[in-house]
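The residues making up each chain are set out below.
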Amino acid sequence: MPPNTNRCDLPLLVSMGDPCGIGPETIVAAAWRGELHDAVVVGDVAVLRRAAGFVRRAQHPDARDDGPRLPLVQVGSLADVHALPPGALAVWPLQGLSSDLLALTVGEVHADAGRAAAAAVRQAAAAIQAGQGAALVTAPLHKEALAAAGEHHPGHTELLAELAGAPGQPADVRMMLANEHLKTVLVTVHCALREAIDRVTFQAVLDTLRIAHRSAAAWGQARPRIAVAGLNPHAGEGGLFGREEIETIAPAIAAARAEGIDASGPHAPDTVFMRARQGEFDLVLAMYHDQGLIPVKYLGLDEGVNVTLGLPFVRTSPDHGTAFDIAGRGIADPASLVAALRMARRLIGRAPRQTA
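Calculation notes
- Residues numbered from 1 in each chain as written.
- Predicted model: local features only at pLDDT ≥ 70, side-chain atom pairs only at ≥ 80, totals over all residues.
- Heavy atoms only, no water.
- Buried < 20%, exposed > 50% of the residue type's maximum accessible area, 1.4 Å probe, protein only.
- Helix = DSSP H or I, 4+ residues; strand = E, 2+ residues; numbered from the N terminus.
- Pairing = 2+ DSSP bridges.
- pLDDT = per-residue confidence, 0-100.
- Contact = heavy atoms within 4.5 Å.
- Axes fitted to C-alpha atoms, helices over the stretch in contact; angles between N-to-C directions.
- Parallel < 35°, antiparallel > 145°, perpendicular 65-115°, else oblique.
- Left-handed = near helix turned anticlockwise from the far one by under 90°.

An unreviewed UniProt entry annotates the protein chain as 4-hydroxythreonine-4-phosphate dehydrogenase of Sphaerotilus mobilis.

Shown next, in the form of structure tokens:
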């Protein structure tokens with residue numbers, strides 16, 4: 001979609017996630033609360049009807065009618081959504097998939113489930129890039145199911161980077177996890193810890209600072225205060241515990257500051273997140289996955305939102321996984337999905353829905 005295109009009349013697109021996980025259940029639970037009033041689900045209508053039944057039975061175990069009360073309407077194209085009756089949840093079916101997803105056991109890894117989850121993301125991303133959708137909100141997928149399906153991407157971030165980039169050249173993207181108290185952006189994402197250390201280079205840190213700085217304008221911060229965490233304990237303690245801070249991270253911070261980016265550090269990783277939560281910084285740049293995500297998730301999975309920075313469109317996601325252990329029971333909390341929907345609306349400048 002070209003910059004400055006008016007997204008006001010375009011729907012949010014929600015990929016259904018792994019059909020054997022809790023994604024479909026959180027989607028219908030959020031829809032029952034009115035949180036998908038401007039959204040279309042990209043997925044399988046039968047899977048979503050089954051999920052609605054799970055949620056209905058969990059909420060009304062004594063009711064004789066355990067069928068879904070939520071009207072689910074399959075649409076042939078995104079252009080059809082404006083003709084739907086109020087309160088209906090539009091479902092845009094997956095194209096080119098013939099698998100019977102209802103035959104798959106809920107709560108288990110299946111290659112067909114991974115294939116369907118990836119297809120939903122691809123279909124939604126293509127529609128947004130063609131100017132048919134406002135933003136993408138992704139329900140969780142399962143990395144083992146993706147691998148079983150032959151996907152070489154370990155997660156959403158890498159898949160979306162490939163879809164948004166040129167052939168053979170993925171888009172340069174970064175993962176941000178955010179809630180009302182803390183925002184963290186990662187230099188490295190899904191890889192072994194030993195490999196992550198090697199990936200912390202001058203260019204990787206500088207590029208991450210640039211992407212975070214540019215992206216912050218989307219939520220109203222033209223010059224965010226970015227704190228950069230060190231890689232080693234105590235940020236290396238002047239070289240006693242490692243020299244990455246001296247030889248790699250600090251020079252990248254200096255280069256970013258020369259470009260007008262308000263970056264500071266490297267700060268001791270064990271205190272920088274607390275300082276950011278107390279208001280000293282707007283963002284924290286973390287060097288690897290768990291360093292950045294544990295502090296946010298500790299504050300509550302129900303509030304966390306995963307945002308992919310550097311894409312040509314807005315993408316948000318809950319910060320939890322497929323939760324196979326509770327899938328099919330209808331008890332999954334949709335709060336993180338609701339937070340992801342609201343964050344997506346905020347980032348595209350869509351006003352929140354007025355409630356009576």
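Draft legend 1. Broad picture of the pairing of strand E11 (residues 305–309). Of all five residues making up E11, five are buried, and the element is well covered by its neighbours. The two faces of E11 match: Val305, Val307 and Leu309 on one face and Asn306 and Thr308 on the other face are all buried. Relative to E11, strand E6 (residues 174–178) runs antiparallel, the two being bridged by five bridges. Its bridge partner lying in E11, Met175 is registered against Thr308. With three bridges joining them, E11 and strand E12 (residues 315–318) adopt antiparallel strand pairing. Considered in E12, the bridge of Val307 is made with Thr316. Hairpin connection between E11 and E12: a loop of five residues separates the two successive antiparallel strands, and Gly310 in this loop has a positive phi of roughly 100°.

Draft legend 2. Broad picture of the confidence of the model for the protein chain. Across the protein chain, the average pLDDT comes to 91, with 94% of residues at 70 or higher. Segment residues 1–5 is flagged for pLDDT under 50; beyond a separation of four residues in sequence, or across chains, it makes six contacts in the model.

Draft legend 3. A look at the packing of helix H3 (residues 111–129) against helix H5 (residues 156–164). Between H3 and H5, whose axes approach to 11 Å, the crossing angle comes to 40°. As summarised for this structure, H3 and H5 are arranged oblique, according to the angle between their axes. In terms of crossing hand, the pair formed by H3 and H5 is right-handed. Facing Ala118, Val121, Arg122, Ala125 and Gln129 of H3, the residues of H5 in contact are His156, Leu159, Leu160, Leu163 and Ala164.

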